[in-house]
Structure formats: C-alpha cells, structure tokens
Amino acid sequence: MKAKVKFGLNLLLLVIILGVMYFFVRSSMMDILVEIRNTSWVVVLMVMLLGTLYLWIEGRTVKEIASNFQPDFSTKDGFFTVCYSGFYRIITFGAGTLISEVNFYRKSGLHLSQGVGVTTLHMVMYKFAILTYAIAGLIIQFSLFYDHAPNLIWVILAGIVLVFLLIAVLLALSVSLNVQVLFVTISHKLFKRPAFRGIIDKCNNQIYSLRETVNSILQDRTAFVRIYLWNLLKMVPWYVIPYVILVNNHPDIDFLLTFSFISFAVVLSGVIPTPAGIGSFEFVYMFLFGPLVGTVDAASSMLLYRLATFIWPFVIGFGYVMVQKRKDIQAELTELKNEKIKVE
C-alpha cells in the first residue's frame, strides 16, 4: 500500500510539473522564441555560453561551501543544485527556491541543518557579491548620475542599504548566540502553551545546528575568501550579457555603464517584494536601459538576458528533475511488482 501511495504521489507531481511547464511555455517562452529568431545566431550563442559559464562557476561556488560537509560533493553537483533550485523557483513562483536547494543537499548526503547552513551562506555570499559590484558601479558612475539623474542615486543607495540589512539579519541568525537567546526569550514570553513551546524548542535546536554549521565554515578564513571571490567571478558572465547584446546596434555604448546598470538592476529587483523577482527585474531593467538604448532594444536585450539567466537554468533543471522522477517511478514500479509477488 505504501508503494502505491508513493507511486501515485510521484505521478501526480509529474503531471503538475508538466502542467506548469505548459502554462509557462504559453505565457513566457513564445516572446523569447520570437526574439531569438530576430537576433543574430552569434549573439544568441554568446549569450547562452555566458549563461552556462555563470552556472558552472556558481556550481564551483556551491561546491566550495558544501564540500566542507560532503567531500564528494563536486562542481557538477553544484551545477545541478543551481539548475534544480532554478527550476523550482519558477514552478513554485519563488516559494520553493530555498526549500528545493536544501532538499538537494539532503539528497546529496548532508544533514538538514547542514543543508540550511550551506543555503544560508550561499545566499549571504551572493548578496555580498552583488553589493560589491553595485557600490563599485555607483562610485564609477556617480558623476553621470549626479548630472542627469540625481534622484536615482538615492534609489540605488536605498537598495544597497536594504541588501546590507538583509545580509546582517541572515548572518546574525546564523552566527550570533545572543540573537538565538533573544529569540528564545521573546518566544517564551509570547507563547505560553506547551504545544507552542515544543515548536519553539524545535526551532531553537534547528537554529543552534544552523549556527554550528555556518561557524564551522567561517572558521576557515581562506575558505571564506575563496567563496567570496568565486561569487564575484560568477557575476561577471551575467553582467557582461547586456553589453554583448546591445553593442551590435549601439557600437558607442559604454561597457562600464551597462555593467553598472545591470548590477543596479539585480540589487534593486532583489529588494522589491514580488514572487521570485518576477516583474521587478523587468521594471528596473527597462527603467535603467530604456533611456539609454530605447524601449525596443532594451526590451529585446531583457528577453535574451532572461533566457540565459532565468530560463536556461530552468530548462536544465527540468531535464534533471524528469530524469530523477523517471528513476523514482521505475523504482516504485519495481517495488509494486515485488509486493504483488509476495502477496501471490
């Protein structure tokens, strides 16, 4: 009976995934496919190569963190971790992104607390990297913004501050014992029922395990620096993409300006509260690049950018999930056959 339930649930999940895929293809992919047909194949190829390079470097970044707990965890595993969570980011509208990443680590042999710790540090170091580029971009382009769009400086600064606060909160929850004690103290004052106390105690134990996990990584300062440098490096392919797309029709466009603009777009879209950043990134991208190259070219470059950074990991993740689901269903069919033979 248990095998039948597992088989039914896996089959149902597969149908749901395919249904979401169909909806997604109808609503989003058609515009991108039209744009691909209207773009030089050389540009499309370069964009896809840059997107793939990002994923591979990101895989190495994940490996640098996860291999502290699972020495066999490879860059290839990190690559599929990114694509796996990228797939679930879309089909769950952002709600399952972090959960799917933790789940991948769990399947790779890490404990739950270790998976949460790796996911948290992965997010923190990513935020550090985008913050670094945004600050550098603001310094480099400050005179331009001051002359033409002084109000934009305050918007970018607000985004930088919000990202910094997010990093501080994540690190405080992951590292500080005082924050953990404060959490327990406040929770015990607010919730008196034994059932709630049990939940609080479980959360407290999980936060403690998370803190121990993150501290065990951060104790190796060379590892911390390596992880930070890999995060800086991985953003370069992403940030180069707009220039590669736009320079064909706008040969005089400034490379550092496009690099700075995309760094601002990533920072600002990350602090605008929308599911999985869907809609917020497009708005900020068009706001920044529209006046620079015109609405049509900005929209075209945005679609190709989304293809390489959003759709491509989703497609690879979809393939990975389908392979894993096929293996699960085959294993459950074998289990059902064995149960039937035992009954007979």
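Fair warning: this is a prediction, and the values are worked out from it, not measured in the lab. (Residues numbered from 1 in each chain as written. Predicted model: local features only at pLDDT ≥ 70, side-chain atom pairs only at ≥ 80, totals over all residues. Heavy atoms only, no water.)

Caption draft 1: Structural detail: the packing of helix α2 (residues 41-66) against helix α5 (residues 112-140). Between α2 and α5, the least distance of the axes is 10 Å, while the angle of their chain directions is 130°. With respect to their mutual orientation, α2 and α5 come out oblique. Of the two elements, α2 crosses α5, and the hand of that crossing is right-handed. Here α2 contributes Glu58, Val62, Ile65 and Ala66 to the contact with α5, which in turn contributes Val118, Leu121 and His122. Among the residues making up the contact of α2 with α5, the classes are represented as five nonpolar, one polar and one charged. (Axes fitted to C-alpha atoms, helices over the stretch in contact; angles between N-to-C directions. Helix = DSSP H or I, 4+ residues; strand = E, 2+ residues; numbered from the N terminus. Parallel < 35°, antiparallel > 145°, perpendicular 65-115°, else oblique. Left-handed = near helix turned anticlockwise from the far one by under 90°. Contact = heavy atoms within 4.5 Å. Nonpolar A, V, L, I, M, F, W, Y, C, P; charged D, E, K, R; others polar.)

Caption draft 2: Local environment of the environment of Val47. Looking at the secondary structure, you find Val47 in helix α2. Owing to a relative accessible area of 0%, Val47 belongs among the buried residues under this scheme. As a C-alpha pair, Val47 and Pro237 span 190 residues in sequence and 8.9 Å in three-dimensional space. Setting aside its immediate chain neighbours within four residues, Val47 contacts Ile241, Ile245, Leu304 and Ala308. (Buried < 20%, exposed > 50% of the residue type's maximum accessible area, 1.4 Å probe, protein only.)

Caption draft 3: Main features of the packing of aromatic side chains. Within this structure, the stated rule accounts for 24 aromatic pairs. Taken together, a centroid distance of 6.0 Å and an interplanar angle of 40° make the contact between Phe87 and Phe318 tilted. Here Phe87, found in helix α3 (residues 75-91), pairs with Phe318, found in helix α13 (residues 295-343); they are 231 residues apart in sequence, far enough to count as distant. Since its relative accessible area comes to 0%, Phe87 is described here as buried. Geometrically, the ring pair formed by Phe104 and Tyr320 is tilted, given 5.7 Å between the ring centres and 40° between the ring planes. Of this pair, Phe104 sits in helix α4 (residues 97-107) while Tyr320 sits in helix α13, and the two are 216 residues apart along the sequence. Note on Phe104: relative accessible area 6%, which makes it buried. Put simply, the rings of Trp56, Phe79, Phe80, Tyr84, Phe87, Tyr88, Phe104, Phe314, Phe318 and Tyr320 pair up and form one aromatic cluster. (Phe/Tyr/Trp six-rings, centres within 6.5 Å; stacked < 30°, edge-to-face > 60°.)

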